[in-house]
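# Commentary on secondary and tertiary structure
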Amino acid sequence: MNALDGFDAALEHRARLTIAVLLARHGEISFSRFKELLELTDGNLGAQLRRLEDDAYIALRRAFVDRKPVTWYRLTATGRKALDKHLRALRNVIAVAQG
Amino acid sequence: MPAIEQVREDLDYVANAVRREEADRGPPAVYVLWAVIVAIGFALPDFAPRHAGWYWLIVGPAGGIASWLLGRRQGIIDGVHDAALARRYAYDWLVAGAAFILVFVPAMAGAIQPTAAAVNVLLVGGVAYALAGVHLERPLLWSGLLMFGGYVALSLLALPYVWTATGIIVAASLAIAAVVRPRAPSPQG
């Protein structure tokens, strides 16, 4: 069996993996908060979020805070399942590497 | 780069982002608010004992509601909606609040001197804040430890205004939680 079996292509990128992990730990996180936490440009972050959204791993909600538009993201059930599977695969890789 | 090296770097990146998110937890305004409430409320039994009961009856719950609103607003400003964490905070401080009230039962029953209850507030506060520091927000650990120090000092020293001294120690401990914020690591490590 290949040690990389079970890896999810959408979660292989570390920014996307971090987004999924943060959303698994917290209910909803805004775009601007992700930008602060990941130190990514708007374009790069938007692309990573769109990829996860296209795979239905995350869902978004638009709202207004002090008249400013805020986009909130949350992990979907599909995303949570994919993250669990990906983390299991990561653990397997570490276990194989440690012998 | 070997896969394992890549995995390790990616996991470091994830861990740093998670730590960074946790480092910003807790609005300092809540601790400043309670430092002021406690400093005034604990001075009252020494200087205006008739007003102490009413003060805590009104300001105590009002402070709780204000803390909830400040926490909620901070969450929106920070860009994090975490209902599970909000519930953990609520249960933690509800239990701590109940323990603070129970401290006064022996004094009301005449089993101990009221001033002894004031000192015991520091012990209960020390436990409540130190554990909140372990489980919720790290700066509260220092508040708790300071309250433990205050408990030992007031137990050994016979000070004239015990309530006021207790209030000052609690207020100073809370002010520390507002000032000491953990350093957030960058996502790069």
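Anyway, here's the lowdown on the structure attached to this text. Quick caveat: nothing in here was measured; it's all calculated off a predicted structure.

## A short note on the packing of aromatic side chains
Residue and element names in this part refer to chain B. Evaluated as defined, the whole model comprises seven aromatic pairs over all chains. Seen in terms of ring centroids, Tyr-55 and Trp-56 are 5.4 Å apart; in terms of plane orientation they differ by 90 degrees. Their pairing is edge-to-face. For Trp-56, a relative accessible area of 28% translates into the label partly exposed. With a centroid separation of 5.9 Å and an interplanar angle of 10 degrees, the aromatic rings of Phe-104 and Trp-163 are classed as stacked. Of this pair, Phe-104 sits in the loop between helix H4 (83-103) and helix H5 (105-108) while Trp-163 sits in helix H8 (residues 162-179); the two residues are 59 residues apart in sequence, bridging distant segments of the chain. Exposure remark for Trp-163: the relative accessible area of 13% places this residue in the buried category.

## Things to note about the interface of chain B and chain A
Each side of the interface is counted separately: chain B has 26 residues, and chain A has 29 residues. Carbon and sulfur atoms make up 59% of the area that chain B and chain A hide from each other, which totals about 2,400 Å². Summed over the three residues of chain B that lose the most area to chain A, namely Tyr-13, Glu-21 and His-81 of chain B, the buried surface amounts to 23% of that side. Counting across the interface, chain B meets chain A through one salt bridge. Taking the shortest distance from any N to any O, the salt bridge between Asp-66 of chain A and Arg-73 of chain B comes out at 3.6 Å. Our count for the contact surface shared by chain B and chain A stands at seven residue pairs in polar contact (both at pLDDT 80 or more). Looking at the side of chain B that touches chain A, the elements with two or more residues in it are helix H1 (3-23), helix H3 (49-78) and strand S1 (80-81) of chain B.

## As for the packing of helix H2 (residues 28-47) of chain B against H3 of chain B
Running from N to C, H2 of chain B and H3 of chain B cross one another at 175 degrees; their axes reach a closest spacing of 9 Å. With respect to each other, H2 of chain B and H3 of chain B are oriented roughly antiparallel.

## Some points on H4 of chain B
Turn by turn, an α-helix covers 3.6 residues, leaving residues three or four places apart pointing in a common direction. Residues and elements named next belong to chain B. With 21 residues, H4 should cover 30 Å at 1.5 Å per step; its first-to-last C-alpha distance of 30 Å lies within 8% of that length. Residues Leu-85, Tyr-89, Ala-96 and Val-103 constitute the buried set of H4. Buried positions in H4, seen along its axis, are confined to an arc of 45 degrees and lie on one side of it. For H4, exposure combined with an orientation more than 90 degrees from the buried face picks out Tyr-91, Leu-94, Val-95, Ile-101 and Leu-102. Buried residues belonging to H4 abut H5 and helix H6 (114-135). Capping the start of H4 is the job of one residue whose side-chain oxygen sits 3.3 Å from the backbone nitrogen of Ala-84: Asp-82.

## Describing the packing of helix H2 (residues 14-25) of chain A against helix H3 (residues 31-38) of chain A
Residue and element names in this part refer to chain A. Running from amino to carboxyl end, H2 crosses H3 at an angle of 120 degrees, the nearest separation of the two axes being 11 Å. The orientation of H2 with respect to H3, classified from their angle, is oblique. Crossing of H2 over H3 shows right-handed handedness. Between H2 and H3, the residues in contact are Ala-15, Thr-18, Ile-19, Leu-22 and Leu-23 and Phe-34, Leu-37 and Leu-38, respectively. Looking at side-chain class alone, the contact of H2 with H3 contains seven nonpolar, one polar and no charged residues.

## Observations regarding the environment of Ala-130 of chain B
All names here are of chain B. Relative to the helices and strands, Ala-130 is located in helix H6. Note: C-alpha distance between Ala-130 and Gly-60 (70 residues apart in sequence) is 21 Å. Ala-130 has contacts with Gly-125, Leu-140, Leu-141, Gly-144 and Phe-148, leaving out every residue within four places of it along the chain.

## Description of the pattern of salt bridges
Residue and element names in this part refer to chain A. In total, this model carries six salt bridges over all chains according to the counting rule given. Two residues, Asp-55 and Arg-51, come together in a salt bridge whose shortest N-O distance is 3.6 Å. Overall, the relative accessible area of 27% leaves Asp-55 in the partly exposed class. For Arg-51, a relative accessible area of 31% translates into the label partly exposed.

## Structural notes on the environment of Pro-28 of chain B
Summarising the element assignment, Pro-28 of chain B is placed in helix H2. When the C-alpha atoms of Pro-28 of chain B and Ala-175 of chain B are compared, they prove to be 8.5 Å apart, with 147 residues separating the residues in sequence.

Rules used in this analysis
- Residues numbered from 1 in each chain as written.
- Chains lettered and ligands numbered in written order.
- Predicted model: local features only at pLDDT ≥ 70, side-chain atom pairs only at ≥ 80, totals over all residues.
- Heavy atoms only, no water.
- Phe/Tyr/Trp six-rings, centres within 6.5 Å; stacked < 30°, edge-to-face > 60°.
- Buried < 20%, exposed > 50% of the residue type's maximum accessible area, 1.4 Å probe, protein only.
- Helix = DSSP H or I, 4+ residues; strand = E, 2+ residues; numbered from the N terminus.
- Contact = heavy atoms within 4.5 Å.
- Buried area = accessible area lost by both parts, 1.4 Å probe.
- Salt bridge = Lys/Arg side-chain N within 4 Å of Asp/Glu carboxyl O.
- Polar contact = N/O pair within 3.5 Å; in protein donor to acceptor, adjacent residues only side chain to side chain.
- Axes fitted to C-alpha atoms, helices over the stretch in contact; angles between N-to-C directions.
- Parallel < 35°, antiparallel > 145°, perpendicular 65-115°, else oblique.
- Expected span 1.5 Å × (residues − 1).
- Arc of directions from axis to C-beta.
- Left-handed = near helix turned anticlockwise from the far one by under 90°.
- Nonpolar A, V, L, I, M, F, W, Y, C, P; charged D, E, K, R; others polar.

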